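# Observations on the model geometry
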Amino acid sequence: MTLTAFGLFVLGVVLAEPLSRALATAEWPARDPVGALLVWQAIGLAGGLALLGSGFVYGLSPLGPSLSVAVPAAVDAMAVGEVPRELSLIHIAALLAALALALRLVGVLLAVTLRTLKVRRRHRDLIDLLGTPWPAVPGARVLDHPVPVAYCLPGLRSRLVLSAGVLDALDPPAVRAVLAHERAHLRERHDLVVLPFVAWGATAPFVRGMVCAQLAVAALIEMRADDVAASEVTAKQLTGALRTMGGAAPAAALSSFTDKLDHRLCRIVSPPAPLPAAVRVLVRVAAAGLVAVPTALLLVP
């Protein structure tokens, strides 16, 4: 088990730092945003399992050759109020460190989630109060404001929000492009894709790879929504809409108009060639494999 713990620790560090940095600067994700998002989610899940698992595996290693043996032994000892005598101070420290990391990660994730939900709920209430329902688009609200801005508020009671400036500045096809983009965010629940990476970044902001992951995932969900919109309108209509909008949306929103707009416009006008079908399959298999490795190391006797 000591060797397994070391392997898990090395895997977690590699996923959190060099691999995350390399993927954040790679060019192929722009050719397959969906596959890249799956890989990022696999990296986040596998990295968390590996780093947390390494501490628990090493801490319990004196109690048996596998977790299936060591965990029941530890539970039996603690049931009678004893600390297993086989555990040295370093093993207890490893267990406490893993537990502290797990509690911090879960705590930050819960705090970020609750804070986000609270802000969105308050913002949605204001939108419902100040906005005018748009009968042509169920769930949409139009704000009486001259600046063109559009965004979505995800959730069980999601909202599409547009300003009157959007309807004044854009022609119908461009408005349709904006709506298609925002609907893609809502339909594919991109807010849930981003949330774990926000929590990871808040948990360890000093780890540059986690910050890179958060920024890369935010860029990829915009690429994905751009691709969906580009399949419904022409590239000229979509880029025109993006150029006209370009402003910042409220913090509560999942905004379509973020940084690196010029890069997105170039990608829409001159889209990169999609990855070959075999490579796309390989990307998804690799994502599944990333999660399977630490899971197997933890569960296989």
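For every chain, the first residue of the written sequence is number 1, and numbering continues from 1 onward in sequence order. For this predicted model, a pLDDT threshold of at least 70 governs which residues receive local features, and a threshold of 80 or more governs which side-chain atom pairs are given and counted, while totals over whole chains, interfaces and linings are taken from all residues. Side-chain figures throughout are based on the complete set of non-hydrogen atoms in the structure, without hydrogens or water.

## Concerning the environment of serine 270
Locating serine 270 in the fold gives a position in the loop between helix H11 (261-269) and helix H12 (277-299). Between the C-alpha atoms of serine 270 and alanine 235, which are 35 residues apart in sequence, the distance is 9.0 Å. Going along the chain from the N terminus, every DSSP run of H or I of four or more residues is numbered as a helix, and every run of E of two or more is numbered as a strand.

## Concerning the packing of helix H2 (residues 18-25) against helix H9 (residues 208-230)
Each packed pair of helices is defined by two parameters, the angle between the axes and the distance between the axes. At a minimum axis distance of 8 Å, the contact between H2 and H9 shows a crossing angle of 30°. The orientation of H2 with respect to H9, classified from their angle, is roughly parallel. Read as a crossing pair, H2 and H9 show a hand that is left-handed. Taking contact as the criterion, the partners of Ser20, Arg21 and Ala24 in H2 are, on H9, Arg208, Gly209, Cys212 and Ala216. Think of each axis as a best-fit line through the C-alpha atoms, taken over the contacting stretch in the case of a helix, with angles from 0 to 180 degrees between the N-to-C directions. In this scheme, roughly parallel covers angles under 35 degrees and roughly antiparallel covers those over 145, while 65 to 115 is roughly perpendicular and the rest are oblique. Crossing handedness is defined as follows: a turn of the near helix away from the far one that is anticlockwise and smaller than a right angle gives a left-handed crossing, while the clockwise case is right-handed. Only heavy atoms matter for contacts: two residues are in contact if any of them lie within 4.5 Å across the pair.

## Looking at the pairing of strand E3 (residues 150-153)
Exposed residues in this analysis have more than 50% of their type's maximum accessible area, buried residues have under 20%, and partly exposed residues fall in between, with area computed by a 1.4 Å probe over protein chains only. Side-chain alternation along E3 places Ala150 and Cys152 on one buried face and Tyr151 and Leu153 on a second face that is also buried. Pairing between strands is defined by DSSP: at least two bridges between them are needed. Relative to strand E4 (residues 159-163), E3 is paired through four bridges, and the arrangement is antiparallel. Each bridged residue has a counterpart across the sheet, and for alanine 150 the counterpart in E4 is leucine 162. In this antiparallel pair of consecutive strands, E3 and E4, the connection spans five residues, and glycine 155 shows a positive phi of 135°.

## Brief notes about the nonpolar core
For our purposes a nonpolar core is just a set of buried Ala, Val, Leu, Ile, Met, Phe, Trp, Tyr and Cys residues, chained together by side-chain atoms within 4.5 Å. Leu37, Val39, Trp40, Ile43, Val217, Leu220 and Ile221 are the most contacted members of the largest nonpolar core, which totals 22 residues. For this core, the secondary structure elements donating two or more residues are helix H3 (33-60), helix H8 (190-203), H9 and H12. Top contributing element to this core by residue count: H3, with seven residues. In contact with leucine 37, other than residues within four places in its own chain, are Val193, Val217, Leu220 and Ile221.

## Brief notes about the pattern of salt bridges
By convention in these notes, a salt bridge is any Lys or Arg side-chain nitrogen within 4 Å of a carboxyl oxygen on Asp or Glu. Under the counting rule described, the total for this entry stands at 10 salt bridges. The partner of aspartate 128 in a salt bridge is arginine 141, with the nearest N and O atoms 3.4 Å apart. Taken together, the residues span a long stretch of sequence, with aspartate 128 in helix H5 (residues 89-130) and arginine 141 in strand E2 (residues 140-143) at a distance of 13 residues. On the basis of relative accessible area, aspartate 128 is assigned to the partly exposed category, the value being 27%. A relative accessible area of 14% places arginine 141 in the buried class. A salt bridge links aspartate 226 to arginine 264; its shortest N-O distance comes to 2.9 Å. Of this pair, aspartate 226 sits in helix H9 while arginine 264 sits in helix H11, and the two are 38 residues apart along the sequence. Exposure remark for arginine 264: the relative accessible area of 5% places this residue in the buried category. Connected via shared salt-bridge partners are Arg120, Arg189 and Asp191.

## Some words on the pairing of E2
The alternating pattern of E2 places Ala140 and Val142 and Arg141 and Leu143 on opposite faces, both of which are buried. Across two bridges, strand E1 (residues 132-133) lies against E2 in antiparallel orientation. Each bridged residue has a counterpart across the sheet, and for threonine 132 the counterpart in E2 is valine 142. Counted along the chain from E1 to the antiparallel partner E2, the turn is six residues long, and its residue glycine 139 has a positive phi close to 85°.

## Remarks on the side chain of histidine 91
Here histidine 91 lies in helix H5. Here histidine 91 is in contact with Tyr58, Gly59, Ser61 and Pro62, once residues within four sequence places are set aside.

## A look at the environment of leucine 8
Tracing the backbone through its elements, the reader meets leucine 8 in helix H1 (residues 2-16). Judged by relative accessible area, which is 0%, leucine 8 ranks as buried. It is 9.1 Å that separates the C-alpha atoms of leucine 8 and valine 293, two residues lying 285 residues apart in sequence. Residues contacting leucine 8, with those up to four places away along its chain left out, are Ala50, Leu51, Gly53, Ser54, Val57, Pro294, Leu297 and Leu298.

## Details of a positive patch on the surface
Side chains of Lys118, Arg121, Arg122 and Arg157 sit close together on the surface and give a patch of like positive charge. In this fold, lysine 118 is placed in helix H5. What makes a patch is a set of residues exposed beyond 30% relative accessible area and free of salt bridges, joined within 9 Å when like-charged and within 5 Å when nonpolar (Val, Leu, Ile, Met, Phe, Trp, Tyr). We get accessible surface area from the Shrake-Rupley algorithm with a probe of 1.4 Å; when it comes to residues, only the shown protein chains can shield them. His is not counted, nor are the chain ends; Lys and Arg add positive charge and Asp and Glu add negative charge. Where a charge lies is defined by one atom per residue type, namely NZ (Lys), CZ (Arg), CG (Asp) and CD (Glu).

## Details of a nonpolar patch on the surface
Side chains of Leu3, Phe6, Phe9, Val10, Val13, Val14 and Leu19 sit close together on the surface and give an oily, nonpolar patch of about 640 Å² of accessible area. Examining the composition of the nonpolar patch, we find that six residues originate from one element, H1, more than from any other. Relative to the assigned elements, phenylalanine 9 resides in helix H1. The class for phenylalanine 9 is partly exposed, based on a relative accessible area of 44%.

## A closer look at the confidence of the model for the protein chain
In predicted models, pLDDT denotes the confidence assigned by the predictor to each residue on a 0 to 100 scale. Looking at the protein chain, the pLDDT average stands at 84 and 94% of residues meet or exceed 70. For the protein chain, strand E5 (residues 254-255) is the element with the lowest average pLDDT, namely 46, and H2 is the one with the highest, namely 91. Below pLDDT 50 for its whole length, residues 251-259 participates in 33 contacts with residues either more than four positions away or in separate chains.

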